[in-house]
Amino acid sequence: MSFISSWRKKIFDLFSPQKRKLKEFQKQHQLDKHLVSSLNKSKLPSLKQLKYLPKILNKKERGKLTFVLLIIGISALILVVKLSLMATVVAPAVGGQYTEGLIGSPRFINPILAQANDVDMDLSYLIFSGLLKWDKNRQLAPDLAKSYEISSDQLTYTFYLRNDVKWHDGSPFKADDVMFTISSIQDPSFKSPLSRSFRGIAIDKIDDYTVKFTLKEPFAPFLGLLTVGILPEHLWYNITPANADLAELNKRPIGTGPWKFNNLKKDKTGVIKSYTLIQNSDYYDRKPYLQKIIFKFYGDFVSAVEALKSKDTQSISYLPKEYAQELKKYKNISYNQLDQPQYTAIFFNQLKNNILSADYIRQALALGTNKQKIVAEAFGPDTKIIDGPTLPGIATNPNIKKYPYDPQAAVDLLEKNGWQLTATTTPDGLTEQIRKKKDWYLNITLTTVDQPENVKAAEIIKQSWDQIGFKTTLNIIDKSKILQEIINLREYEALLFGENIGSDPDPFPFWHSSQNEYPGLNLAIFTDKKVDKILEDARKTNNWDERKKNYATFQDIIAQQLPAIFLYNPTYTYPQDKSLKGFNLFGISAPADRFANLSDWYVKTKRVWK
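This report concerns the structure included in the present document. (Residues numbered from 1 in each chain as written. Predicted model: local features only at pLDDT ≥ 70, side-chain atom pairs only at ≥ 80, totals over all residues. Heavy atoms only, no water.)

### Considering the pattern of salt bridges
Move 1: What the rule picks out here adds up to 24 salt bridges.
Move 2: A salt bridge links Asp 208 to Lys 174, with the shortest nitrogen-to-oxygen separation between them at 3.9 Å. Of this pair, Asp 208 sits in the loop between strand E7 (202-207) and strand E8 (210-214) while Lys 174 is found in the loop between strand E6 (156-161) and helix H7 (175-186), placing the two residues 34 residues apart along the sequence.
Move 3: Lys 174 gets classed as partly exposed once you look at its relative accessible area, which sits at 29%.
Move 4: Among the ionic pairs, Arg 252 bridges to Glu 248, the shortest N-O distance being 2.9 Å.
Move 5: Arg 252 sits in the partly exposed class, given a relative accessible area of 37%.
Move 6: Judged by its relative accessible area of 48%, Glu 248 falls in the partly exposed class. (Salt bridge = Lys/Arg side-chain N within 4 Å of Asp/Glu carboxyl O. Helix = DSSP H or I, 4+ residues; strand = E, 2+ residues; numbered from the N terminus. Buried < 20%, exposed > 50% of the residue type's maximum accessible area, 1.4 Å probe, protein only.)

As structure tokens, this is what we get:
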């Protein structure tokens, strides 16, 4: 029965109208496919055919297709990006601006008047060019001069100038500009701080692009003097030298450097608050990436540091050590620790305190000075302890006599020479211990400038000296008075102060006896005929090996005679926002040298093929 029913169903299905229609449709579909295939030899659908795909697919199928296509698209995009990143590197791009905070205000943006003001030096450095320049490795390199020659007797220097240089106003640079600048420095009525350095130097014009300097005697540091910026004669010629410091060109200067004056802004009292420089499009050398630099001026470091915190500036010219701790939480700031040719020492003035004339007294003070504590508490690990007058580019003589901290040795030395500890009563009724010999007491006054690091160092020195039996009085002087009232007049017994030797390692201005009085810089008022001869001979030769030999002997004599206690080499902390890239210096000679590789700085980037 079931068998018969099954066959009946099959026969019925075979001849039913629905089945006949389905078979006819399938047959027609196959014929259509065959026809399409015959018209399109490719087995893949054409783009024209694909446009009908959404009409053929149902909603669910269209969704799946869209998802697949999206995945394919994203994958392709990721692949392209990865391949692009692998094949390219990030590189600096031209554009953007940089803002820096400076302490003080510009007065003379003029290279031959600027030496007394760091702000003036900073701006002059960027706006003006010299015959030579110090590069980022602190080596002399040609600038406005393309080359130079030195005669065999080291008395004649011939400079061949570039002929492709324009002043910021478009006028051509020529030898007359060099002649005018040097003669202005030498003119007493111009009142240039550089006049002493160029005294006795003759300059002659050979032609429009050649000048010759003639010296009376060999002077090795001479080339370093020629980094001074050159002034435009055609603008300064009609300005009376006596009124040069009043000229508007000191505020709106015209130079040949990579940056030129754009504008300045003043407050209601006439004080300049900001100063803008723009890129010099006619600059003869490599042009910087940055297009604009804005300097903002602050009356003190507190205000400048606050501006750095709030990102009102991307940097400040210098960060004192006492502000380093409060900036640690600002992760957007990097700190460049720069070496500098500067040492800090305690200079003894034996004319103001007779007990300092005894060698053993100075030795006891040296043995009783805790340099490690000074550096640890007042400066930090980047500061280097020294034992003698270090000179840039010259190896320190390792064999000089040293005075390591040894308070017991200091006490023994004093007692051996008759200085015994005794109790005295102060005017306010307190009892203190001081060493006495006959009617003399070990009294000494230590003078320093009113700056946090120096004051802290002086307090530590006082503690150390008091412990070995001296009665030490601190004399803290305001920084506005330290030069005029103390240093220039040599009004101190012991002076805690730093000296910047400069780019050339010539200690003559600081240790030759001819420099004992102002404007000389021999703060120890040190006199030694042998040292005088050594320093005179050293600056008469350009042979570095001979100079090094002389300076090694000089360092040895200074260590033996101990006219000063040498303490440390401080580093220069230059903070910058991490948005600025390209800074790459290890040391500077003067604060303005931090701009030595400014052409490498950038804030914008691009990708370039490897």
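### Thoughts on the sheet that holds E6
Move 1: Read across the open sheet, the four strands follow the order E5-E6-E8-E7; overall the sheet is antiparallel. Bordering the open sheet on either side are strand E5 (145-150) and E7, each of which pairs with just one other strand. When the angles between neighbouring strand axes are averaged without regard to direction, this sheet yields 20°.
Move 2: Here E5 pairs with E6 via five bridges, running antiparallel. If you follow Tyr 148 over to E6, its bridge partner there is Phe 159.
Move 3: Where H7 meets the sheet, it contacts E6, E7 and E8, and its direction lies at approximately 170° from that of E7. (Pairing = 2+ DSSP bridges. Axes fitted to C-alpha atoms, helices over the stretch in contact; angles between N-to-C directions. Contact = heavy atoms within 4.5 Å.)

### A short note on the nonpolar core
Move 1: In this structure, Phe 159, Val 178, Phe 213, Tyr 275 and Phe 295 are the most contacted members of the largest nonpolar core, which totals 68 residues.
Move 2: With five residues, the top contributor of residues to this core is H7.
Move 3: Not counting residues up to four positions away in its chain, the partners in contact with Phe 295 are Glu 100, Leu 102, Leu 123, Leu 126, Lys 273, Ser 274, Tyr 275, Leu 277 and Phe 595.
Move 4: Residues Ala 366, Ala 378, Leu 414 and Tyr 568 belong to the second largest nonpolar core, which totals 36 residues. (Core = buried A, V, L, I, M, F, W, Y, C linked by side-chain atoms within 4.5 Å.)

### A few points about the environment of Ser 84
Move 1: Structurally, the position occupied by Ser 84 is in helix H5 (residues 59-87).
Move 2: On the basis of relative accessible area, Ser 84 is assigned to the partly exposed category, the value being 30%.

### Digging into unusual backbone geometry
Move 1: Note the cis peptide between Tyr 518 and Pro 519, where omega equals 10°.
Move 2: Secondary-structure assignment places Pro 519 in the loop between helix H16 (508-511) and helix H17 (529-538).
Move 3: If you check the backbone angles, Arg 490 has positive phi at about 55° while not being a glycine.
Move 4: Along the chain, the position of Arg 490 falls in the loop between helix H15 (482-487) and strand E21 (494-500).
Move 5: Although it is not a glycine, Ile 525 adopts a positive phi angle of roughly 50°.
Move 6: You can see Ile 525 is positioned in the loop between H16 and H17.

### Concerning the environment of Gly 418
Move 1: Inspection of the secondary structure puts Gly 418 in the loop between helix H13 (407-416) and strand E16 (420-425).
Move 2: Once residues lying within four places of it in the same chain are set aside, the contact partners of Gly 418 are Lys 436 and Lys 437.

### What about the packing of aromatic side chains?
Move 1: Here the structure, examined in full by the defined rule, presents 23 aromatic pairs.
Move 2: Each ring, one from Tyr 574 and one from Trp 601, has its centre 6.5 Å from the other, and the planes form 40°; the classification is tilted. Remark: Trp 601 occurs in the loop between strand E23 (572-577) and strand E24 (604-609) and Tyr 574 occurs in strand E23; sequence separation between them is 27 residues.
Move 3: With relative accessibility at 0%, the residue Trp 601 sits in the buried group.
Move 4: Ring pairs connect the aromatic residues Tyr 98, Tyr 125, Phe 295, Tyr 574, Phe 583, Phe 595 and Trp 601, which therefore count as one cluster. (Phe/Tyr/Trp six-rings, centres within 6.5 Å; stacked < 30°, edge-to-face > 60°.)

### Some remarks on the sheet that holds strand E17 (residues 431-437)
Move 1: Taken in spatial order, the three strands make up an open sheet running E16-E17-E18, and their pairing is antiparallel. With partners counted over all chains shown, the strands left at the sheet margins are E16 and strand E18 (440-441), one partner each.

### Details of the packing of helix H12 (residues 371-379) against helix H14 (residues 452-467)
Move 1: Interaxial distance between H12 and H14 falls to 9 Å at its minimum, and their mutual angle equals 145°. Here H12 and H14 pass one another in a crossing that is right-handed. On H14, the residues that touch Lys 373, Ile 374, Glu 377, Ala 378 and Phe 379 of H12 are Glu 453, Lys 456, Ala 457, Ile 460, Ile 461 and Gln 463.
Move 2: Grouping the constituent residues of the contact of H12 with H14 by class yields six nonpolar, one polar and four charged. (Left-handed = near helix turned anticlockwise from the far one by under 90°. Nonpolar A, V, L, I, M, F, W, Y, C, P; charged D, E, K, R; others polar.)

### Considerations on the pairing of E8
Move 1: Where E6 meets E8, five bridges bridge the pair, whose relative direction is antiparallel. Counterpart to Phe 159 in the pairing with E8 is Val 211.
Move 2: In this structure, E7 lies alongside E8, joined through five bridges in antiparallel fashion. Residue pairing for E8: Asp 207 is matched across the bridge by Thr 210.
Move 3: Counting the residues in the hairpin turn of E7 and E8 gives two residues.

### Some remarks on the packing of helix H11 (residues 359-367) against H13
Move 1: Running from N to C, H11 and H13 point in directions that differ by 160°, and their axes come no closer than 8 Å. By the angle between their directions, the pair H11 and H13 is classed as roughly antiparallel. Note on packing geometry: the crossing formed by H11 with H13 is left-handed. Every residue of H13 that contacts H11 at Tyr 360, Ile 361, Gln 363, Ala 364 and Leu 367 is listed here: Pro 407, Ala 409, Ala 410, Leu 413 and Leu 414. (Parallel < 35°, antiparallel > 145°, perpendicular 65-115°, else oblique.)

### Re the side chain of Asn 516
Move 1: Relative to the assigned elements, Asn 516 resides in the loop between H16 and H17.
Move 2: Non-local contacts of Asn 516, meaning those with residues more than four positions away in its chain, are made with Arg 490, Asn 522, Ile 525, Phe 526 and Thr 527.

### Some details on a nonpolar patch on the surface
Move 1: On the surface, Leu 65, Phe 67, Val 68, Leu 69, Ile 71 and Ile 72 cluster together to form a nonpolar patch covering roughly 550 Å² of accessible area.
Move 2: Inspection of the secondary structure puts Leu 69 in helix H5. (Patch = residues over 30% accessible without salt bridge, like charges linked within 9 Å, V, L, I, M, F, W, Y side chains within 5 Å. Areas by Shrake-Rupley, 256 points an atom, 1.4 Å probe, with all protein chains shown as cover.)

### Some details on the environment of Asn 332
Move 1: Relative to the elements of secondary structure, Asn 332 occurs in the loop between strand E12 (315-316) and strand E13 (333-338).
Move 2: Residues Asn 332 and Leu 489, 157 residues apart in the sequence, show an inter-C-alpha distance of 45 Å.
Move 3: Residues in contact with Asn 332, not counting those within four places in the same chain, are Lys 311, Gln 576, Asp 577 and Lys 578.
Move 4: At a separation of 2.6 Å, a polar atom in the side chain of Asn 332 contacts the side chain of Asp 577. (Polar contact = N/O pair within 3.5 Å; in protein donor to acceptor, adjacent residues only side chain to side chain.)

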